[in-house]
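Remarks on the overall topology
Letter by letter, the chains look like this.
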Amino acid sequence: MNNQRKKISIIAPIYNESEGIGYFYNALCELFAQRPELDFEVVCIDDGSHDDSLNKLIAITERDLRFHVIELSRNFGKEAALTAGIDAATGDAVIPIDADLQDPPELILEMINEWVLGAEVILARRMDRSCDSFLKRKSAEIFYAFHNQLSSIQIPENVGDFRLMDRVVIDALKQLPEQHRFMKGLFAWVGFKTVTLDYVRNPRLAGTTKFSGWRLWNFALEGITSFSAVPLKFWSYVGGIGALSTGVYALYIISKTLWFGVEIPGYASLLVALLFFGSLQLISVGMLGEYIGRIYMETKHRPVYLIRKHYGQQQ
Ligand code: UDP
Ligand code: MG
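What comes next is a walk through the structure. Everything quoted here is computed from the prediction, not taken from an experiment. (Residues numbered from 1 in each chain as written. Chains lettered and ligands numbered in written order. Predicted model: local features only at pLDDT ≥ 70, side-chain atom pairs only at ≥ 80, totals over all residues. Heavy atoms only, no water.)

Brief notes about the overall build of the chain
We count it as follows: The way it works is that DSSP assigns letters per residue, a run of H or I at least four long becomes a helix, a run of E at least two long becomes a strand, and they are numbered from the N terminus. Between the two quantities, the radius of gyration covers C-alpha atoms and the globule rule is 2.2 Å times the number of residues to the power 0.38. We call a residue buried when its accessible area falls under 20% of the maximum for its residue type, exposed when it is over 50%, and partly exposed in between, using a 1.4 Å probe and counting protein chains only. Any two residues whose heavy atoms approach within 4.5 Å at even a single point are treated as in contact. For accessible areas, the Shrake-Rupley method is used with a probe of radius 1.4 Å. Any residue's cover is judged against the shown protein chains and nothing else. The sign given to each residue is positive for Lys and Arg and negative for Asp and Glu; His and the chain ends receive no count. Think of each charge as sitting on NZ of Lys, CZ of Arg, CG of Asp or CD of Glu.
Of regular secondary structure, the chain possesses 10 helices and 8 strands. Over its C-alpha atoms the chain spans a radius of gyration of 25 Å, topping by over 25% the 20 Å that the globule rule assigns to 315 residues. Expressed as a percentage of the 315 residues in the chain, the buried residues total 45%. Relative to all contacts within the chain whose residues are 6 or more apart in sequence, the contacts with residues 24 or more apart total 85%. Carbon together with sulfur atoms contributes 62% to the accessible area of the chain, which is approximately 17300 Å² in total. Considering the chain, the positive charge centre built from 32 side chains and the negative charge centre built from 36 side chains are found 3 Å apart.

Quick look at the structure:
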């Protein structure tokens, strides 16, 4: 590392966080004061908020030149907002952080220390997630186990988007052209020299979570289908095993008929088999649909996000 002043970019996706923005701003200012030898910039991405988050952010950019705001044209989702932030960040290191202070800003200092020592990615692992609901923790656990079984890219468990990434990592990320951006997967995909820090996840300071159960389910599907083709291949094996057992069963019935003559069995078993295989087919068609839908969206080459306006000093 040379002697030039280093710049850290903090990127914060913001969707209806009006109540918490003041706290968020103060927490960051306190933090910046502790490392006067570094330059900081904060890129807030207003992801189509309906409350007065944007106005509050604009007011901040007017009194603090370190803050910039990118207003997206509508709600594109956290992944797109993060992508917009990564594209706009100009620092030597970039840190995505949630604006609800669930990711403790104090940890940024520790991350910077590791970065100065030479790490290129510093992950923040949630040791204690007791503030998240039991269902959220359990489903996250199942998701990571399932994803990492299926995909050759391993997503570290209990690690969110909160992390420090060196400029080399950011430049690598910017080369990934996909429209479906499962950021945790993309972050893991690029690799680089990684160090992990542990922290305790705080409860949300204000406002409510933007991720409902249904949204999380779709997010999980996104993650798995973006990084693994196993669910597609799986059905060929199910089909193969099914065909094989059907063959064996057919042989059994034929020989039984030859030996003992025709018997009239009940409908129940037939119906069960019919329904069972019918639903298997539907599931596999649905699975195909998941992938084809994604291929379809990907082929449109639409931009990941659209910017309505920049606020703050232009970089
Ligand atoms: N967020 C966003 N766009 C969305 C949903 C969420 O920019 O469509 C932001 C949100 O404002 C917050 C961060 O993403 O800063 C994390 O969201 P949230 O706290 O709701 O997620 P959770 O912590 O519950 O997983
Ligand atoms: Mg949160």
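Still to come is the rest of the account.
Concerning the packing of aromatic side chains
Two descriptors summarise a pair of aromatic rings, namely the distance from one centre to the other and the angle between the planes of the rings. The condition is simple: Aromatic rings from Phe, Tyr and Trp, with only the six-membered ring used for Trp, were paired whenever their centres fell within 6.5 Å, and each pair was classed as stacked if the ring planes differed by under 30 degrees, edge-to-face if by over 60, and tilted otherwise.
On inspection of all chains with the given rule, the structure shows 6 aromatic pairs. Between Phe-32 and Phe-40 the ring centres are 4.1 Å apart and the planes differ by 15 degrees, which places this aromatic pair in the stacked class. What makes Phe-40 buried here is its relative accessible area of 8%. Taken together, a centroid distance of 6.0 Å and an interplanar angle of 85 degrees make the contact between Phe-162 and Tyr-199 edge-to-face. Pair noted here: Phe-162 is in strand β6 (residues 159–166) and Tyr-199 is in strand β7 (residues 194–200), with a separation of 37 residues, a long-range link. Across the pair, exposure class does not vary: Phe-162 and Tyr-199 are buried alike. An aromatic cluster is defined as three or more aromatic residues linked by ring pairs; in this entry it consists of Phe-143, Tyr-144 and Phe-182.

Points about the nonpolar core
Keep this limit in mind: Think of a nonpolar core as a cluster: buried Ala, Val, Leu, Ile, Met, Phe, Trp, Tyr and Cys residues, connected wherever their side-chain atoms sit within 4.5 Å.
In terms of nonpolar packing, the biggest core is built from 40 residues, with Met-111 and Phe-162 touching the most fellow members. Residue contributions to this core peak at 7 residues, all from helix α1 (residues 18–33). Apart from residues no more than four positions distant in its own chain, Met-111 is found in contact with Ile-95, Ile-122, Ala-124, Phe-162, Arg-163, Leu-164 and Leu-197. In this structure, Leu-123, Met-165, Met-183 and Phe-187 belong to the second largest nonpolar core, which totals 39 residues.

What to know about the coordination of the magnesium ion (ligand 2)
The line we're drawing: Metal donors: N, O and S atoms at distances within 2.8 Å, or within 3.2 Å for Na, K and Ca, with water omitted from the atom set so that some sites may seem incomplete.
All of the protein donors around the magnesium ion (ligand 2) are Asp-100 (OD) and Gln-102 (OE1); their distances to the metal are 1.9 to 2.0 Å. The pair Asp-100 / Gln-102 is uniform in exposure class, with both members buried.

A closer look at the pairing of strand β5 (residues 121–128)
Note the following rule: Between any two strands, at least two bridges found by DSSP are needed for them to pair.
Pairing of β5 with β6, which is carried by 4 bridges, proceeds in the antiparallel orientation. Residue Ile-122 lies in a different strand from β6, and its bridge partner there is Leu-164. Direction of pairing for β5 relative to β7: parallel, over a ladder of 7 bridges. For Arg-125, the partnering residue across the bridge sits in β7 and is Asp-198.

Here's the deal with the sheet that holds β5
Which entries qualify depends on this criterion: To get an axis, fit a line to the C-alpha atoms, keeping to the stretch in contact for a helix; angles then go from 0 to 180 degrees between the N-to-C directions.
Spatially, 8 strands are ordered β7-β5-β6-β4-β1-β2-β3-β8 in an open sheet, and the strand pairing comes out mixed. The open sheet is flanked by β7 and β8 (307–311), the only strands paired with a single partner. Recorded for the sheet is a direction-independent mean angle of 20 degrees between the axes of neighbouring strands. Two strands pair when backbone bridges link them, and strand β1 (residues 7–14) and strand β2 (residues 39–46) are joined in this way by 8 bridges, in the parallel orientation. Bridge pairing links Ile-10 to Val-42 in β2.

Remarks on the site of ligand 1
This is how it is decided: When at least one non-hydrogen atom of a residue lies within 4 Å of a molecule or strand, that residue is treated as near it. Contacts described as polar in this section are N or O atom pairs within 3.5 Å, which, within protein, must combine one atom able to donate a hydrogen with one able to accept it, while residues neighboring in sequence count only if both atoms come from side chains. All amino acids are sorted into three groups, where Ala, Val, Leu, Ile, Met, Phe, Trp, Tyr, Cys and Pro are nonpolar, Asp, Glu, Lys and Arg are charged, and the leftover types, Gly among them, are polar.
Close to ligand 1 lie 19 residues, the nearest being Glu-17, Asp-47, Asp-100, Thr-209 and Lys-210. With respect to ligand 1, the side chain of Asp-47 contributes an N or O atom lying 2.6 Å from a nitrogen atom. Contacts to ligand 1 include Ala-99, whose backbone N or O atom sits 3.0 Å from an oxygen atom. When grouped by side-chain class, the residues that make up the shell around ligand 1 number 5 nonpolar, 4 polar and 10 charged.

Looking at a nonpolar patch on the surface
Selection criterion: Patch membership needs two things, relative accessible area over 30% and no salt bridge, and members are linked within 9 Å if like-charged or within 5 Å if nonpolar (Val, Leu, Ile, Met, Phe, Trp, Tyr). Take a side-chain nitrogen of Lys or Arg and a carboxyl oxygen of Asp or Glu: if they are within 4 Å of each other, that pair is a salt bridge.
A contiguous nonpolar surface patch, about 350 Å² in accessible area, is contributed by Leu-232, Leu-288, Ile-292 and Ile-295. Sorting elements by how many residues they give to the nonpolar patch places helix α10 (residues 267–299) first, with 3 residues. Locating Ile-292 in the fold gives a position in helix α10.

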